Amino acid sequence: MQENSQTFYHILPNGVKIVHRWTPSPVVYAGVMVGAGTRDEAPEENGMAHYIEHCVFKGTTHHSARQIIHSIEGIGGEINAYTTKEETTFYAAILAEHVQLTLHLIAEMILQPTFKKEETDKERMVIMDEIESYNDSPSELIYDDFESLVFAGSSLEMPILGTKKTLRHISSKPSYPLEWMKTHYTPDRMVVFCQGNVKPEKIFRLAEKEFGSLPTQPQNTPNTDGQPTVNRQSTDGQSPCKFEVSYRKNTHQVHAMMGGKAYPLGHEKQLPMFLLNNILGGGSLNSRLNLSLRESKGLVYTVESTYTPLSDTGYWCIYWACDPEDYTQSLAMVQKELDKLRETPLTQSALRHALIQLRGQLAISAQNQENAALAMAKSMLYHGSAPDWQQTFEKIANTTPQELFEVANDLFLAQNRYILTYK
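Attention in this report is confined to the structure presented alongside it. (Residues numbered from 1 in each chain as written. Predicted model: local features only at pLDDT ≥ 70, side-chain atom pairs only at ≥ 80, totals over all residues. Heavy atoms only, no water.)

## Digging into the overall build of the chain
On a plain count of helices and strands, the chain comes out with 15 helices and 11 strands. Taken over the C-alpha trace, the chain has a radius of gyration of 22 Å; the compact-globule value for 423 residues is 22 Å, and the two agree within 12%. By principal-axis analysis of the C-alpha atoms, the chain measures approximately 60 × 50 × 40 Å. Burial statistics for the chain: of 423 residues in total, 53% are counted as buried. In the chain, the proportion of contacts linking residues at least 24 apart, taken out of those at least 6 apart, comes to 80%. Charged side chains of the chain number 38 positive and 49 negative; the gap between the two group centres comes to 1 Å. (Helix = DSSP H or I, 4+ residues; strand = E, 2+ residues; numbered from the N terminus. Rg over C-alpha atoms; globule rule 2.2 N^0.38 Å. Buried < 20%, exposed > 50% of the residue type's maximum accessible area, 1.4 Å probe, protein only. Contact = heavy atoms within 4.5 Å. Lys, Arg positive; Asp, Glu negative; His and termini not counted. Charge placed at Lys NZ, Arg CZ, Asp CG, Glu CD.)

Next comes the structure, spelled out in structure tokens:
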């Protein structure tokens, strides 16, 4: 992020949050993030959030699907959307002069979709093809199956894409997605966000114009973490101590994942866990797992660890793929690296080097304006503020070896781990 960037906040009377980060860049990322995703779905409507994300592009009361695409692509911009377990986001990259057009179009897609059956039937087939494509990619599918294992018994276990059966149900009538949106696309769950060379007053004014007339909804009842729980099933973590599950996929390699429950967004140990994950197997070649399994032994092509905090829970996982004859050794080495973090605290020197590395990674990552804008919106959705990378690093820099040691012993215990394999 540019050193002279500034972040501005505003909340409309109906509860819509607005965050704008001014930067000198003439390229603007602007959009809307809605706090509604897979975990808000009932089992029979699994895939609804993702289906809506696709279908609002297929027409509104004023624009056809072709007109929606041309409105942004025709000015050299790029319009996109994605769905997670807890959010649905619509956004575009455009020149600053087109931010008004962009926010108006996205507002129209969210507030005035038509779900014409002749259009949504075609999009349902596209999503079904997406499901088949996903099933053909074990390195991606294993994350869904692992989440289903860790969060069994809650709505978080359901796949984002849904199933062919549920897609046929939710696409049978336009009233189904429209009613779902009415329930979940409420002002208190919306964040209008923008990043680029636009005056904050203009963004606030445009947000008021497009979203200010939405009726105020009752605020979601917070849980002990201060996060929304309405229509969301609790994940209390009272699962059996350990699961080992294997699926026969007839893949050339063994695809494996190990992990378990972790801290939610806003938890006091979220940032220490973020740092610890980076040391263990974050996206660098000198992570402990990469040095151990790939560089030292040549057992894997890819090994990585991930920490995913959610509003009221979270999980960590380690993914790797190897030849079948190397699985037992690679598993033992993964367990060994976890046990090292549990048995021996980092030295001050090792922690200092880890912080130097993380600071550089955060700075480089912040130069990706798209990722930075989306992270800003998510932080605003759950915390009501969006610190920049320097402010985030200042908090992480206060982490001590003892805190990392405590996190490792809290999360990496053998009896708390889940193991999933495709063979």
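Next comes the rest of the description.
## Focus on unusual backbone geometry
For residues besides glycine, phi is generally negative; the peptide bonds are generally trans as well. A positive phi angle, near 50°, is found at Phe-115, a position not held by glycine. With respect to the element layout, Phe-115 can be found in the loop between α3 (99-111) and α4 (117-135). Residue Phe-115 is classed as buried on the basis of its relative accessible area, which comes to 3%. Unusually for a residue other than glycine, Asn-250 sits at a positive phi of about 55°. As for its position among the elements, Asn-250 is in the loop between β7 (243-247) and β8 (254-261).

## Quick notes on the nonpolar core
In globular proteins that are soluble, nonpolar side chains generally tend to be buried together. One finds Phe-90, Val-99, Tyr-185 and Phe-211 to be the most contacted residues of the largest nonpolar core, which totals 50 residues. Ranked by residue count, the leading element in this core is α3, at seven residues. Excluding residues within four positions of it along the chain, Tyr-185 makes contact with Val-34, Ala-36, Ile-52, Thr-88, Phe-90, Ile-110, Trp-180 and Met-190. Ile-279, Trp-320, Ile-396 and Leu-404 belong to the second largest nonpolar core, which has 42 residues in total. (Core = buried A, V, L, I, M, F, W, Y, C linked by side-chain atoms within 4.5 Å.)

## Overview of the sheet that holds strand β5 (residues 88-95)
Read across the sheet, six strands follow the order β1-β2-β6-β3-β5-β4 without closing on themselves; strand pairing throughout is mixed. Taken across any chain shown, the strands that pair with only one partner, and hence form the sheet edges, are β1 (6-11) and β4 (78-83). The mean angle between the axes of side-by-side strands here comes to 15°, regardless of whether they run parallel or antiparallel. Against the sheet, helix α8 (residues 200-211) engages β1, β2 (17-22), β3 (27-34) and β6 (190-196), with an angle of about 155° to β2. (Pairing = 2+ DSSP bridges. Axes fitted to C-alpha atoms, helices over the stretch in contact; angles between N-to-C directions.)

## Notes on the packing of helix α1 (residues 48-55) against helix α7 (residues 175-184)
Contact pair α1 / α7: the axes reach a minimum separation of 11 Å and the direction vectors enclose 105°. Taken as axis vectors, α1 and α7 run roughly perpendicular relative to one another. For the pair α1 and α7, contact is made by Met-48, Ala-49, Tyr-51 and Ile-52 and by Tyr-176, Pro-177, Trp-180 and Met-181, respectively. Tallied by class, the residues present in the contact of α1 with α7 amount to eight nonpolar, no polar and no charged. (Parallel < 35°, antiparallel > 145°, perpendicular 65-115°, else oblique. Nonpolar A, V, L, I, M, F, W, Y, C, P; charged D, E, K, R; others polar.)

## Digging into empty space enclosed by the protein
In the structure shown here, the tally under the stated rule is one cavity of 30 Å³ or more. Lining the largest cavity are Tyr-51, Phe-115, Lys-117, Thr-120, Ser-171, Ser-172, Lys-173, Pro-174 and Pro-177. Counted by class, the lining of the largest cavity contains four nonpolar, three polar and two charged residues. (1 Å grid on protein atoms, 1.4 Å probe; cavity = no way out; pocket = protein on both sides within 12 Å on 5 of 7 lines; lining within 4 Å. Points joined across faces, edges and corners; volume = space filled by probe spheres on them.)

## Some thoughts on the pairing of β8
Counting buried positions along β8 yields seven of eight residues, so the element is predominantly enclosed. Looking at chain direction, β8 and strand β10 (residues 314-322) are connected through eight bridges and run antiparallel. Residue pairing for β10: Gly-260 is matched across the bridge by Trp-316. Pairing of β8 with strand β11 (residues 418-422) involves five bridges; the strand directions are antiparallel. Bridge assignment links Met-258 to a residue of β11, and that residue is Ile-419.

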